[in-house]
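A structural walkthrough
Each chain is listed here by its residues.
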Amino acid sequence: MINIPVHQKYHVCVIGGGISGLACARKLKELNEEASVVVLEARNRFGGRTLTDSRFCSFAIGGQWVGPDQKLTLQLAASLSLQLEEQIWFDDNADASSSTEGTTLSSGSSGSQLSCMEQKEMDSIVAMLEEKSKQVTGPPFWNSYTPEYDNISVSSFLKLHVKSPLVLHELELFTQTVFATDPSVLSFLYFLYVLKCCGGIAALGDGKGGAQNYKIAGGAQQLSIGMAEELQSSNADILLSHRVTSVNSVLSGDDGNDEYIIAFHNTQGEGRLRATHVVMAIPPPLWNTIAFNPPLSPSKQQISRDMLRGSAVKVVAVFNKEFWLKQSVDSGCDPSHSIFITSGKKPLEELGPVANLFPTVIAGHPALVGLITGSKATSEYLAMSDDLQRMTVLAQ
C-alpha cells in the first residue's frame, strides 16, 4: 500500500454516497463553494437505500416514503423541483377495507379491530410511551433512566404494562415495522430515543400524517441523483465503485496539521487520496469494514459492533383490478385517535411473511406493496428460492 501514490488532495472526503453523504457534501459546498469535496461510494450508483427501478416504469424498490415531520427532506425535494404524491390507504373510501375471508389489507395493523376498552388501553399505553420518551436525553448525556431502559427490550417492557393480548400484538407489530427488527431484541432506551427524535408514535405510524404520508413521484432515488448533479456542477468529485479500505491519520508537511490518507479499491485496483477532514456517512455497523489508524475510540467500536441493523424486504404485486375493495365494517367505537388502521378478522401476518401492505398504482395498474421485516426478512424468507418466495407472498 505504501507504494500507491496519493493522487489528489481535498479539503473534505465524504465516505458514503447515500442521501446523508450527498446532503453533507452539498451543505459543505453551500457554506464554502471554494472547498474541494470528494464523495466516495462503494456501490456503482447513488442513493444508498433508495433505488428506483425504471425497467417498465419508475418505481421505488427501496425506501420511498416521507412524513410531514421530515421537513429537511421535504425542503430538499422542493429545492430539486420534485413532486410529491400522497400515499393512498385502504380506508380512503367506505369500500376499502379487507380482502376475502376477513384478511386485513391494512398497512400497519394485524387486522383485528380493537374494542372500545382495548382502544382506551392503547391510547393510555401510547401516552405513557411518549411521556417516557420526553424524559430521555441523547448521548453523551444519558440520564439516570439509561441503565433501567437499556437493560430491557421493547417486548419485555410492553409485556409488563399491557394487559390486552391484541393491544400488545399491535404495539409489537408497530415496533417491528418501524425498526425492521424484532421487538424482543430492541433496546427500550433506543426505542424511546427514536420516538423523541421523530416526534412520537403518530409521526412514525401509518395513516395520514404519519411517516408514510407522501411519496416522491418517480422514486426517492431522485433526491440523491439531483444532489449528485448539483455537486458535479459545482466541481465536487463523486466517485462510484470506490470502496474505502482504510483511513490513516498523518502529519501534513504543508501546515503541520493532521491530515488523512484514504485508501480505496475500485475497478482499476487500489488507490489513495488525501483529505484534511473525513466524514463517515455510512451506517455504523459498516465502520468495522474500514481499517482506522489510529483506531476508533472504544465507544465507537462498540457502536459499530453492537448496533442492530434492521432487515426489511419489499415485495410488489401488480393486479388487473383492486380485488381488495370491500364494504368496511364499523366497529361502533370511534377510531379517530387510533394510530393503527384496523379491520377484518384474521391477522395478515399469520398468513405469511408480509405484515404490512400499501395500495399503489404501477404503470396504470393497481398494485400492493408489502413489507417483510425483522427475522422473517432474514432467516425465513431469504432462505427460500426465488420461485418459492414469489409463491409464498402471492399465496398470502
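A quick note: this is a predicted structure, and the numbers were derived from the prediction, not measured.

Mapped onto the secondary structure, Lys215 falls in strand β7 (residues 214–216). An unpaired buried charge is present at Lys215: no salt bridge exists, and Glu85, the closest side chain of opposite charge, is 4.4 Å distant. There is a polar contact of 3.0 Å between the side chain of Lys215 and the side chain of Thr360. Beyond its immediate sequence surroundings of up to four residues, Lys215 is in contact with Gln64, Trp65, Gln83, Leu84, Glu85, Gln87 and Thr360.

What follows deals with the sheet that holds strand β13 (residues 312–318). Sheet architecture is open: 3 strands sit in the order β13-β15-β14, paired in antiparallel fashion. Looking at which strands have only one partner, the edges of the open sheet turn out to be β13 and β14 (356–362). Across the sheet, the mean angle separating the axes of adjacent strands is 25° when strand polarity is ignored. In the sheet, β13 pairs with strand β15 (residues 365–373) via 7 bridges, with the strands oriented antiparallel. If you follow Val316 over to β15, its bridge partner there is Val369.

Here the focus is the sheet that holds strand β5 (residues 65–66). Read across the open sheet, the 3 strands follow the order β5-β7-β6; overall the sheet is antiparallel. For this open sheet the edge positions go to β5 and β6 (84–86), each flanked by a neighbour on one side alone. Pairing between β6 and β7: 3 bridges, direction antiparallel. Looking at β7, one finds that Glu86 is bridged to Tyr214.

Here we come to the environment of Ser36. As for its position among the elements, Ser36 is in the loop between α1 (19–31) and β2 (37–40). The sequence separation of Ser36 and Tyr10 amounts to 26 residues, and the corresponding C-alpha distance is 5.1 Å. With residues near it in sequence (within four places) discarded, Ser36 still touches Lys9, Tyr10, His11 and Val12. Only 2.8 Å separates the side chain of Ser36 from the backbone nitrogen of His11, close enough to count as a polar contact.

Where burial is concerned, most of β14 is hidden: 6 out of the 7 residues are buried. Of the strand pairs in this sheet, β14 and β15 are connected by 7 bridges, and their pairing is antiparallel. Counted as the bridge partner of Thr360 is Ala367 from β15. Hairpin connection between β14 and β15: a loop of 2 residues separates the two successive antiparallel strands, and Ala363 in this loop has a positive phi of roughly 50°.

On to the packing of aromatic side chains. Considering all chains together, one arrives at 8 aromatic pairs under this definition. Between Phe157 and Phe188, the ring centres sit 3.9 Å apart and the planes meet at 15°, which makes this aromatic pair stacked. Remark: Phe188 occurs in helix α7 (residues 188–198) and Phe157 occurs in helix α5 (residues 154–161); sequence separation between them is 31 residues. In this structure an aromatic cluster arises from ring pairing among Tyr149, Phe157, Phe179, Phe188, Tyr190 and Phe191. We note Lys314 situated over the ring of Trp65; from NZ or CZ to the ring centre the distance is 5.4 Å.

Before going further, it helps to examine unusual backbone geometry. Here the amide bond leading from Asn293 into Pro294 is cis, since omega sits at 0°, within 30 degrees of zero. Along the polypeptide, Pro294 turns up in the loop between β12 (291–293) and α10 (298–306). Located in the positive-phi region is Asn235, a residue other than glycine, with phi close to 75°. As for its position among the elements, Asn235 is in the loop between α9 (221–233) and β8 (237–239).

Here the chain averages 84 in pLDDT, and 84% of its residues register 70 or above. Mean pLDDT values over the elements of the chain span from 81, in helix α4 (residues 146–150), up to 97, in α5. Note on residues 94–110: pLDDT under 50 across the span, and 76 contacts to partners over four residues away in sequence or across chains. Contacts from residues 327–344, a stretch scored under 50 in pLDDT, to residues over four places away or in other chains number 48 contacts.

About the cut-offs
Counting restarts for each chain, with residues numbered from 1 along the sequence as it is written. Per-residue local features of the predicted model are confined to residues with pLDDT of at least 70, and side-chain atom pairs are confined, for both listing and counting, to 80 or more; whole-chain, interface and lining totals are unaffected and use all residues. Water and hydrogen atoms were dropped before computing side-chain values, which therefore reflect all heavy atoms in the structure. Only runs of H or I of at least four residues qualify as helices and only runs of E of at least two qualify as strands under DSSP, and these elements are numbered from the N terminus. Using a 1.4 Å probe on the protein chains alone, a residue whose accessible area is under 20% of its type maximum counts as buried, one over 50% counts as exposed, and one in between counts as partly exposed. Residues scored as positive are Lys and Arg, those scored as negative are Asp and Glu, and His as well as the terminal groups of each chain are ignored. The term salt bridge refers to a pairing of a side-chain nitrogen on Lys or Arg with a carboxyl oxygen on Asp or Glu at a separation within 4 Å. Polar contacts here mean pairs of N or O atoms no more than 3.5 Å apart (in protein, one a potential hydrogen donor and the other a potential acceptor; neighbouring residues in sequence count only if both atoms are side-chain atoms). In what follows, residue pairs with any heavy atoms lying within 4.5 Å of each other are defined as contacts. For two strands to be treated as a pair, DSSP must find no fewer than two bridges joining them. Under this scheme, a helix contributes an axis fitted over its contacting stretch, all axes are lines through C-alpha atoms, and angles between N-to-C directions fall in the 0 to 180 degree range. Ring pairs are drawn from Phe, Tyr and Trp, using the six-membered ring of Trp, whenever the two centres fall within 6.5 Å, and their geometry is named by plane angle: stacked under 30 degrees, edge-to-face over 60, tilted for the rest. Whether a charge sits over a ring depends on NZ of Lys or CZ of Arg being within 6 Å of the ring centre and within 35 degrees of the ring normal. pLDDT: the predictor's confidence for each residue, scored from 0 to 100.

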